[in-house]
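# Observations on the model geometry
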Amino acid sequence: MNRITSKIQQVNRRGEGAFIPYLMAGDPTPERSMDYIRALADGGADIIELGVPFSDPVADGPTIQAAGVRAMSSTRGPADALDLVRKVGEEVEIPLILMSYYNPILQFGEPEFLIESKKAGVDGLILPDLPVEEGQPFLESARDFSVQTPLLATPETGKKRLSKIEERATGFLYLVARPGTTGMKDELEETTTRAIKFVKSQVSNKLPVCVGFGLSTPDQIAEVIRSGADGAIVGSAIVKKIGNGYEPEEIRKFVAELNEGTKE
């Protein structure tokens, strides 16, 4: 079993949900980014998701877009993101996931990117703009390199397409909490809890379901876990604090507070 699924299931056996924080690789600089990644790990992250800076991030809200702009001023995109994963892997044992758009990988070269990902210690790769209907060749190549590829579903995803996503996703199924781009919301929408229950009823227990987009408080995280999600993903709430100049220790404390929601 891959390290991502194994970690989520290990946490679930304790009666808790997995906590997966996100930050933009290289934000605001590669060196400072390492400090924040250490803070995520020390705050109790079970898995860490790192964004690859890109100039046209169609699924990202303004907070993460701004982080990408900051990161691009001091990084080389995928190359530096992979280097960051390599350095993080020397310090922490938890699984590491890259979230990228397809274009930077295409420019890098698909085979070369997967080879370098494997060397760097990337456990998983999320491509929000690669449709499951068109991504089979890349997904198969990633599997050959033991790089897991969580795929996205939304509250509007029907049974037929959900079945196809389940068949081809590895690591976990990424359930988008609501339509639209990333970003914080004050309250969890009822459509999210309904979607969790529907998706969990349709997919195998062997494929964990983790929920992201819009989660920003321990109460919201607790609600998605109570609704049946196996894990919770938080990005914008953390990235916003980094953009506002919060110190790594402050980020660690915030992550620890968010993580409490997975235990309720």
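This text follows the structure it describes.
Rules behind the numbers
- Residues numbered from 1 in each chain as written.
- Predicted model: local features only at pLDDT ≥ 70, side-chain atom pairs only at ≥ 80, totals over all residues.
- Heavy atoms only, no water.
- Axes fitted to C-alpha atoms, helices over the stretch in contact; angles between N-to-C directions.
- Helix = DSSP H or I, 4+ residues; strand = E, 2+ residues; numbered from the N terminus.
- Left-handed = near helix turned anticlockwise from the far one by under 90°.
- Contact = heavy atoms within 4.5 Å.
- Nonpolar A, V, L, I, M, F, W, Y, C, P; charged D, E, K, R; others polar.
- Buried < 20%, exposed > 50% of the residue type's maximum accessible area, 1.4 Å probe, protein only.
- Pairing = 2+ DSSP bridges.
- Right-handed = clockwise from strand over helix to strand, strands pointing away.
- Parallel < 35°, antiparallel > 145°, perpendicular 65-115°, else oblique.
- Salt bridge = Lys/Arg side-chain N within 4 Å of Asp/Glu carboxyl O.

### Focus: the packing of helix 8 (residues 159-168) against helix 9 (residues 190-202)
- Closest axis-to-axis distance for the helix 8/helix 9 pair is 10 Å, and the angle between their directions is 60°. Helix 9 is crossed by helix 8, and the crossing has right-handed handedness. Residue-level contacts link Lys159, Leu162 and Glu166 of helix 8 to Phe198, Val199 and Gln202 of helix 9.
- A class-by-class count of the residues in the contact of helix 8 with helix 9 yields 3 nonpolar, 1 polar and 2 charged.

### Some points on unusual backbone geometry
- For the bond from Asp27 to Pro28, the omega torsion is -5°, close enough to zero to count as cis.
- Among the structural elements, Pro28 can be located in the loop between strand 1 (18-24) and helix 2 (30-42).
- Positive phi is not limited to glycine here, since Ser146 has a value of about 60°.
- Despite not being glycine, Phe213 shows a phi value in the positive range, around 80°.
- If you trace the backbone, Phe213 turns up in the loop between strand 7 (209-212) and helix 10 (218-226).
- We classify Phe213 as buried; its relative accessible area is 7%.

### Details of the pairing of strand 6 (residues 173-176)
- By the alternation rule, side chains of strand 6 split into Leu173 and Leu175 and Tyr174 and Val176, which are all buried.
- Pairing of strand 5 (residues 151-153) with strand 6 involves 3 bridges; the strand directions are parallel. Bridge pairing in strand 6 links Leu152 to Tyr174.
- As a crossover connection, the stretch from strand 5 through helix 8 into strand 6 is right-handed.
- Pairing analysis gives 4 bridges linking strand 6 to strand 7, with the strands arranged parallel. The residue of strand 7 that forms the bridge with Leu173 is Val209.

### Notes on the packing of helix 2 against helix 4 (residues 78-89)
- Following both chains from N to C, one finds helix 2 and helix 4 inclined at 45°, their axes separated by 11 Å at the closest point. The angle between helix 2 and helix 4 falls in the class oblique. Judged by the twist between their axes, the crossing of helix 2 over helix 4 is right-handed. Note on element contacts: helix 4 touches helix 2 through Leu84, Lys87 and Val88, opposite Pro30, Ser33, Met34 and Ile37.
- Residues of the contact of helix 2 with helix 4, tallied by class, amount to 5 nonpolar, 1 polar and 1 charged.

### Describing the sheet that holds strand 6
- With respect to topology, 8 strands assemble into an open sheet ordered 4-3-2-1-8-7-6-5, the strand pairing being parallel. Pairing within the sheet leaves two strands with one partner each, and these edge strands are strand 4 (124-126) and strand 5. Adjacent strand axes in the sheet meet at a mean angle of 25° when their direction is disregarded.
- The pairing of strand 1 with strand 8 (residues 231-234) spans 4 bridges and is classified as parallel.

### Some words on the side chain of Thr149
- Within the secondary structure layout, Thr149 lies in the loop between helix 7 (136-144) and strand 5.
- Apart from the residues lying within four places of it in its own chain, the contact partners of Thr149 are Leu125, Leu139, Ala142, Arg168, Ala169 and Thr170.

### Section: the pattern of salt bridges
- Taken as a whole and assessed by the stated rule, the structure comprises 15 salt bridges.
- One salt bridge in this structure joins Glu133 and Arg161, with 2.7 Å as the shortest N-O distance. Of the two residues, Glu133 sits in the loop between strand 4 and helix 7 while Arg161 sits in helix 8, which places them 28 residues apart along the sequence.
- Of the residues examined, Glu133 reaches a relative accessible area of 41% and is grouped as partly exposed.
- Accessibility expressed as a relative area gives 35% for Arg161, which makes it partly exposed.
- Taken together, the shared-partner salt bridges in this structure form one network comprising Arg32, Asp35, Arg38, Glu91 and Glu247.

### Describing the pairing of strand 1
- For strand 1, the tally of buried residues reaches 7 of 7 residues, placing the bulk of the element in the interior.
- Here strand 1 shows no split at all, with Ala18, Ile20, Tyr22 and Met24 on one side and Phe19, Pro21 and Leu23 on the other all buried.
- Sheet topology note: the strand 1/strand 2 (residues 48-51) ladder contains 3 bridges and is parallel. In the sheet register, Tyr22 faces strand 2, and the bridge partner there is Glu49.

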